[in-house]
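Spelled out, the chains give:
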Amino acid sequence: MRVVTTAQTRPELDVQPTPLALLLLGREADPRSERGVECPGDLPSPSDPDLVERARAAKEKLGDKVFVLGHHYQRDEVIQFADVTGDSFKLAKDAAAKPEAEYIVFCGVHFMAESADILTSDDQKVVLPDLAAGCSMADMATAEQVAECWDVLTEAGVAEATVPVSYMNSSADIKAFTGKHGGTICTSSNAKRALDWAFEQGEKVLFLPDQHLGRNTAVRDMGMSLDDCVLYNPHKPNGGLTVEQLRDAKMILWRGHCSVHGRFSLDSVNDVRKRIPDVNVLVHPECKHEVVRAADFVGSTEYIIKTLEAAPAGSKWAIGTELNLVRRVAAAHPDKEVVFLDKTVCFCSTMNRIDLPHLVWALESLAEGNLVNQIQVDTETESFAKLALERMLALP
């Protein structure tokens, strides 16, 4: 994968958060949470009226040449300039359906921009306003680690019977590995269909990179047992598994997770039920298995939005997903009580790197004819990654 940039992104504004804001963001780290979920207390940059006007002017100057995509987890000051909003795969498809747009400005994270570049035409340029907007989950599986894992499976004599299934939240390199080895991509909404397909092709599945989505889908939706799942740790020799464990397993789960969804715990669920009688607990399938088991409803980002839309007035909801989305859903449904599942509030820190200053800089640069922060996947990687994505699109 190759990244092309013609300028440096401007640094984030130096904002001094108030004590109350730090409390709301959850400054302390939770020792019960998984790695990578600490909230340092950095506040999103406040909306500047001058920046808002500059963004509007630049976008108007670009006209139909630019198409701005906004992921559900983006902050409101960025979302207001999005032509479409959605989850990562929906946005990539929306970009592909807009061939007249010369520039695709993706307000999301790196792997999302890669997917958009894979699915759009060669004439379109995908721009990520801040190249530092990555994804901790996607970064938990590198191409070198996955290649080594496949060698381990080969030596154990199970590689030929194993079909890789990779979550959309993965790098282009991992998607390409998946396509090259006969596998498919999945989203949180079609994971079961992808696994059903995979088990028609082989006896085992290597699920990358989110262990929780893989485990929850296999056990909760497909009736497997926890004993059918083993956890491959790329930081241990042979993934920390014996040959017998690999041969007996149906699901070989990669040791990766979402830094936001990984923070929700069974204590969070029990606590909110005590505090709010008759509350409905609605969580994303990237949450831990014990959280999913204790929830009333489980589903993708789009499922969460649609469930709240269909819920009766006066109903109470505790939602386990990213805070920006929870706040937006709560504001859209003032007739319902909507709260964040965990008391300690945390944004997706990498998603929030796409702030208004970076968006303005990207739009103004494009309006001046300067292509910046282009995300470009190399031809070979793109071909195999696209193959894996096309297999997903062909799922029944």
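Please refer to the structure placed before this passage.
Nothing here was measured: the structure is a model prediction, and the numbers come from that model. (Residues numbered from 1 in each chain as written. Predicted model: local features only at pLDDT ≥ 70, side-chain atom pairs only at ≥ 80, totals over all residues. Heavy atoms only, no water.)

Trainee: I'd love a proper account of the pattern of salt bridges, names of residues and values included.
Mentor: Side-chain pairs of opposite charge can arise whenever the charged atoms involved come near each other. Taken as a whole and assessed by the stated rule, the structure comprises 13 salt bridges. In this structure, Asp 271 and Arg 275 form a salt bridge, with 2.6 Å as the shortest nitrogen-oxygen distance. Separated by four residues within a single helix, Asp 271 and Arg 275 lie in helix 12 (residues 266-275), roughly one turn from each other. Taking relative accessible area as the criterion, Asp 271 reaches 25% and is therefore assigned partly exposed. In this structure, Asp 296 engages Arg 273 in a salt bridge whose closest nitrogen and oxygen atoms are separated by 3.2 Å. Here Asp 296 is found in the loop between helix 13 (289-294) and strand 12 (297-298), whereas its partner Arg 273 is found in helix 12, with 23 residues between them in sequence. (Salt bridge = Lys/Arg side-chain N within 4 Å of Asp/Glu carboxyl O. Helix = DSSP H or I, 4+ residues; strand = E, 2+ residues; numbered from the N terminus. Buried < 20%, exposed > 50% of the residue type's maximum accessible area, 1.4 Å probe, protein only.)

Trainee: So what's going on with the side chain of Ser 315? Residues and values would help.
Mentor: Inspection of the secondary structure puts Ser 315 in the loop between helix 14 (301-310) and strand 13 (316-320). Taking the relative accessible area as the measure of exposure, Ser 315 reaches 11% and is therefore buried. A distance of 2.6 Å separates the side chain of Ser 315 from the backbone oxygen of Pro 312, its partner in a polar contact. One polar contact links Ser 315 to Trp 317, side chain to side chain, over a distance of 2.8 Å. Excluding residues within four positions of it along the chain, Ser 315 makes contact with Asn 280, Lys 336 and Glu 337. (Polar contact = N/O pair within 3.5 Å; in protein donor to acceptor, adjacent residues only side chain to side chain. Contact = heavy atoms within 4.5 Å.)

Trainee: If you had to explain helix 16 (residues 356-367) to someone new, which residues and values would you point to?
Mentor: Note that an α-helix has 3.6 residues per turn; residues three or four places apart therefore point the same way. Here helix 16 contains 12 residues, and its C-alpha end-to-end distance of 16 Å stays within 8% of the 16 Å for a straight helix at 1.5 Å per residue. Of all 12 residues in helix 16, 10 are buried, a share of seventy percent or more. Every buried residue of helix 16 is listed here: Leu 356, Pro 357, His 358, Leu 359, Val 360, Trp 361, Ala 362, Leu 363, Ser 365 and Leu 366. Packed against the buried residues of helix 16 are helix 2 (49-62), strand 2 (66-71), helix 3 (76-79), strand 4 (103-107) and strand 5 (125-127). (Expected span 1.5 Å × (residues − 1).)

Trainee: Break down the sheet that holds strand 13 for me, with residues and values.
Mentor: Pairing in this open sheet of four strands is parallel, and the strands run 12-11-13-14 from one edge to the other. Both outer strands of the open sheet, strand 12 and strand 14 (337-340), are each paired with one neighbouring strand and no more. Where strand 11 (residues 280-283) and strand 12 come together, two bridges link them in parallel fashion. Among the inter-strand pairings, Val 283 is bridged to a residue of strand 12, identified as Val 298. (Pairing = 2+ DSSP bridges.)

Trainee: Give me the nonpolar core: which residues, what numbers.
Mentor: One finds Val 105, Phe 207, Met 251, Val 283 and Leu 363 to be the most contacted residues of the largest nonpolar core, which totals 107 residues. The biggest single contributor to this core is helix 16, with seven residues. Excluding anything up to four places from it in sequence, Val 105 contacts Val 66, Phe 67, Val 68, Leu 69, Val 127, Pro 129, Leu 359, Leu 363 and Leu 366. Membership of the second largest hydrophobic core comes to 20 residues, among which are Cys 149, Ala 156, Tyr 232 and Ala 249. (Core = buried A, V, L, I, M, F, W, Y, C linked by side-chain atoms within 4.5 Å.)

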